[in-house]
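Letter by letter, the chains look like this.
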Amino acid sequence: MTTVIDGKAFAARVRAQVAAHVARLVEEHGITPGLAVVLVGEDPASEVYVRNKGVQTVEVGMASFEHKLPADTSEADLLTLIGRLNADPKVHGILVQLPLPAHLNSELVINAIDPAKDADGFHISNVGLLGTGQKSMVPCTPLGCLMMLRDHLGSLSGMNAVVVGRSNIVGKPMAQLLLGDSCTVTIAHSRTKDLAAVCRGADILVAAVGRPEMITGEFVKPGATVIDVGINRVQRDGKIKLVGDVHYASAAAVAGAITPVPGGVGPMTIACLLANTLTACCRANGLPEPEGLTA
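The paragraphs below set out a description of the structure included in this document.

What counts, and at which threshold
- Residues numbered from 1 in each chain as written.
- Predicted model: local features only at pLDDT ≥ 70, side-chain atom pairs only at ≥ 80, totals over all residues.
- Heavy atoms only, no water.
- Helix = DSSP H or I, 4+ residues; strand = E, 2+ residues; numbered from the N terminus.
- Rg over C-alpha atoms; globule rule 2.2 N^0.38 Å.
- Buried < 20%, exposed > 50% of the residue type's maximum accessible area, 1.4 Å probe, protein only.
- Contact = heavy atoms within 4.5 Å.
- Areas by Shrake-Rupley, 256 points an atom, 1.4 Å probe, with all protein chains shown as cover.
- Core = buried A, V, L, I, M, F, W, Y, C linked by side-chain atoms within 4.5 Å.
- Pairing = 2+ DSSP bridges.
- Axes fitted to C-alpha atoms, helices over the stretch in contact; angles between N-to-C directions.
- Right-handed = clockwise from strand over helix to strand, strands pointing away.
- Parallel < 35°, antiparallel > 145°, perpendicular 65-115°, else oblique.
- Left-handed = near helix turned anticlockwise from the far one by under 90°.
- Nonpolar A, V, L, I, M, F, W, Y, C, P; charged D, E, K, R; others polar.

1. Observations regarding the overall build of the protein
Helices and strands together make up the secondary structure of the protein, namely ten helices and eleven strands. Taking 19 Å as the expected radius of gyration for a compact globule of 295 residues, we find that the protein reaches 19 Å, a close match to that expectation. Classification of the 295 residues of the protein by burial places 47% in the buried group. Taking the contacts inside the protein whose residues are at least 6 apart along the sequence as the reference set, 67% of them involve residues at least 24 apart. Just so you have it, the protein exposes about 13,300 Å², and 53% of that area is on carbon and sulfur atoms.

2. Quick word on the nonpolar core
The biggest cluster of nonpolar side chains holds 52 residues, and the ones touching the most others in it are Val 18 and Leu 178. The set of elements that each furnish at least two residues to this core consists of helix H1 (7-29), strand E2 (34-40), helix H6 (140-153), strand E5 (160-164), helix H7 (171-180), strand E7 (204-207) and helix H10 (265-284). For this core, the element with the most residues is H10, which contributes ten residues. When near neighbours in sequence (up to four residues on either side) are disregarded, Leu 178 contacts Leu 149, Leu 156, Ala 161, Val 163, Cys 183, Val 185 and Val 206. Formed by 20 residues, the second largest nonpolar core is a distinct cluster that contains Cys 199, Ala 202, Leu 205 and Phe 219.

3. Considerations on the sheet that holds E5
In space, the six strands of this open sheet follow the order E1-E11-E8-E7-E5-E6, with parallel pairing throughout. Where the open sheet ends on each side, the last strands, each with one partner, are strand E1 (3-4) and strand E6 (184-188). Pairing of E1 with strand E11 (residues 257-258) involves two bridges; the strand directions are parallel. Bridged to Val 4 within E11 is Ile 258. Running at roughly 170° to E5, H7 makes contact with E5, E6 and E7 of the sheet.

4. Observations concerning the pairing of E5
Within E5, four of the five residues are buried, leaving the element largely enclosed by the surrounding structure. Note that E5 and E6 share five bridges and pair parallel. Across the sheet, the residue bridging to Ala 161 is Val 185, located in E6. Of the crossover connections in this fold, the one passing from E5 over H7 to the parallel E6 is right-handed. By the bridge criterion, four bridges tie E5 to E7 in an arrangement that is parallel. Of the residues in E7, the one forming a bridge with Ala 161 is Ile 204.

5. As for the packing of H1 against H10
Close contact between H1 and H10 brings their axes to 9 Å; oriented N to C, the two are set at 20°. The orientation of H1 with respect to H10, classified from their angle, is roughly parallel. When the axes of H1 and H10 are compared, the crossing they make is left-handed. Facing Gly 7, Lys 8, Phe 10, Ala 11, Val 14, Arg 15, Val 18, His 21, Val 22 and Leu 25 of H1, the residues of H10 in contact are Pro 267, Met 268, Ala 271, Leu 274, Ala 275, Leu 278, Cys 281 and Cys 282. Counted by class, the contact of H1 with H10 contains 14 nonpolar, two polar and two charged residues.

Here it is as structure tokens:
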């Protein structure tokens, strides 16, 4: 019988841990962690996401600072705002919602954030720290995947892990985190020769390739743990349906454990954003980091 890894329930547990730690920080040290979210333009999906982040930030007792800027905001104005947030002691985490309008250079903007306040873990310094096994801010989605894997499997040491996808946001940092937990890691992608055979060697299979239901049951080793990072909107029977990068029914028939879409990795991303903001606040104040909420 396949175990369904319930990301919604797990994310609720993470948020409860964060809230308890925030309450202690406020009570014992008079410190309230603060998260600043910057949204440029009016992308509908981004607006929903930012609104959810704001609600959940307040629910765990943190301060939420939202900055909504018009789509034609200049790079100079955006960088000035980031500079202000970098210097603000009430702000411990900064997130610039992607994608940015085409006239703005995303890499330049992300790398203007103070690495210690980089709640998304995308700054080039944090990428380098993660890659060399040093203390860093870790991208939220891979961190959420790692937490779920540790919770389900216990020690990951010695396991074969295949990550399908090589993005800077998920694929590459996921591979680094699995290496850090002593897995033997293969990074595969849409051009990998005989991808199905490569995937069938995996005890842990992470799908982050951005192609709807590309990974079917024949890619899955019997009993493997499958983490589906994909969120794809497809038209089915005249309705829009959310599906992952994994064909759920066929993969679930073979896997030992699997994350559903929706309700799997997705809810963990915001939970880990809150965890990262809490971690950044603790580091900034020289206090012990929250246990179990970092890589």
